[in-house]
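Results of the structural survey
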Amino acid sequence: MNDDLLRRLRTEQARTLLGDADPHHAVMLACDLLVAGVDSQAVMALAAESARTLPAHGANRHLAAVIAELGLPEPDLPTAVALIAADTCRRILDRSIPAEVGTHRLYVVGHEGSPLDDLLPAVAALAAYLEDDLGGRADDELRTKLAALALTILNRLKRPLTVERRRQMRAQS
């Protein structure tokens, strides 16, 4: 399995841990795993599902089975949040998800144990601007601010944690 496929698998595993699997991403991941030669029963069952009709709880259940069959260790909560946030930011920056979706998905930074919880007010401000001022439809200003926040998050995730920040995270969990 190549690094990109493993990163995608770990990200979907993190989403499953938080009960927030994306059915489309889950099915596409299973199809890509099959192409890569990972042909376990759980992978085949997930790949056989419809990316359009599979409910989120079904995606969570299928992904949990794939992860169990592959024997992947479960990430801790801060790692899961970081994986999801990084994936969301990459998707925002490459515009593979709409700004409206990306804005709301970034609420993951406020999850318990998040190494990015101090950015929750910035996410909430963008979401309020999107919903209250723009009526739920992103404009260029929101996209620019969202891209800047996504870059900030990705840069923060690249930095090693300070001793003080680790201590704060342990105290929260």
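What you see is a predicted model, and the numbers here were worked out from it, not measured in a lab. Counting restarts for each chain: residues are numbered from 1 in the order of the written sequence. Only residues with pLDDT of at least 70 get local features here, since the model is predicted, and only at 80 or more are side-chain atom pairs given and counted; chain-wide, interface and lining totals rely on the full set of residues. Only hydrogens and water are set aside when side-chain values are computed; all heavy atoms of the structure are taken into account.

**Looking at unusual backbone geometry**
The residue R95 is not glycine, and still its phi comes out positive at about 60 degrees. To qualify as a helix, a DSSP run of H or I must reach at least 4 residues; to qualify as a strand, a run of E must reach at least 2; elements of each kind are numbered from the N terminus. Its location among the elements puts R95 in the loop between α5 (77–93) and α6 (99–105). Partly exposed describes any residue whose relative accessible area lies between the buried limit of under 20% and the exposed limit of over 50%, with all areas from a 1.4 Å probe on protein chains only and scaled to the type maximum. We classify R95 as exposed; its relative accessible area is 63%.

**Things to note about the packing of aromatic side chains**
Here a pair means two rings of Phe, Tyr or Trp (six-membered ring of Trp) with centres within 6.5 Å. Their orientation is stacked below 30 degrees between planes, edge-to-face above 60, and tilted elsewhere. A full pass over the atoms with the stated rule returns zero aromatic pairs. Whether a charge sits over a ring comes down to the Lys NZ or Arg CZ being within 6 Å of the ring centre and within 35 degrees of the ring normal. Residue placement shows K145 over the ring face of Y129; its charged tip is 5.2 Å from the ring centre.

**Considering α5**
Spacing of three or four residues puts side chains on the same side of an α-helix, whose turn is 3.6 residues. The end-to-end C-alpha distance of α5 is 24 Å, a good match for the 24 Å that 17 residues give at a rise of 1.5 Å each. Among the 17 residues that make up α5, 12 are buried, leaving the element largely enclosed by the rest of the structure. Residue contacts are defined here by distance: any two heavy atoms, one from each residue, within 4.5 Å place the two residues in contact. Where the residues of α5 are buried, they touch α1 (3–17), α2 (23–35), α6 and α8 (140–158). The first or second residue beyond α5 is R95, which carries a positive phi of 60 degrees. In a helix, the anticipated span is given by 1.5 Å times the number of residues less one.

**Thoughts on the side chain of H62**
Note that H62 resides in helix α4 (residues 56–70). On the basis of relative accessible area, H62 is assigned to the buried category, the value being 11%. Polar contact is the term for a pair of N or O atoms within 3.5 Å; when the atoms are in protein, one must be able to donate a hydrogen and the other to accept it, and sequence-neighboring residues count only if both atoms are side-chain atoms. Separated by 3.2 Å, the side chains of H62 and E49 make a polar contact. Excluding anything up to four places from it in sequence, H62 contacts A45, L46, E49 and L54.

**Some thoughts on the nonpolar core**
If you look at the biggest cluster of nonpolar residues, it comprises 27 residues, and the most contacted ones within it are L106, V109, L142 and I153. Counting only elements with at least two residues in this core, the list comes to α5, α7 (120–133) and α8. With eight residues, α5 is the single largest residue contributor to this core. Leave out the neighbours within four places in its chain, and L142 touches A99, T103, L126, Y129, L130 and L134. In terms of nonpolar packing, the next biggest core, distinct from the first, is built from 18 residues, L9, A42, A51 and L63 among them. Take the buried Ala, Val, Leu, Ile, Met, Phe, Trp, Tyr and Cys residues and link them wherever side-chain atoms come within 4.5 Å; each set so joined is a nonpolar core.

**Section: α2**
The terminal C-alpha atoms of α2, which comprises 13 residues, lie 19 Å apart, in line with the 18 Å expected from a rise of 1.5 Å per residue. Every buried residue of α2 is accounted for by P23, H25, A26, V27, L29, A30 and L33. Taken together, the buried residues of α2 touch α1, α3 (41–47), α4, α5 and α6. Two or three places before H24, at the opening of α2, D22 has a side-chain oxygen 2.9 Å from that residue's backbone nitrogen. Just beyond α2, the residue with positive phi is G37, at close to 95 degrees.

**Here's the deal with the environment of A122**
The topology assignment puts A122 in helix α7. Relative accessible area serves as the criterion here: at 33%, A122 is assigned to the partly exposed category.

**Here's the deal with the pattern of salt bridges**
The term salt bridge refers to a side-chain nitrogen of Lys or Arg lying within 4 Å of a carboxyl oxygen of Asp or Glu. With the rule as written, the count across this model stands at 10 salt bridges. With a closest N to O distance of 2.8 Å, D118 and R156 form a salt bridge. Taken together, the positions of D118 in the loop between α6 and α7 and R156 in helix α8 put the pair 38 residues apart, joining distant regions of the chain. Taking relative accessible area as the criterion, R156 reaches 19% and is therefore assigned buried. A salt bridge links E141 to K145; the nearest nitrogen and oxygen atoms lie 3.0 Å apart. Of the two residues, E141 and K145 are both situated in helix α8; the distance of four residues between them amounts to about one turn of the helix. On the basis of relative accessible area, E141 is assigned to the partly exposed category, the value being 41%.

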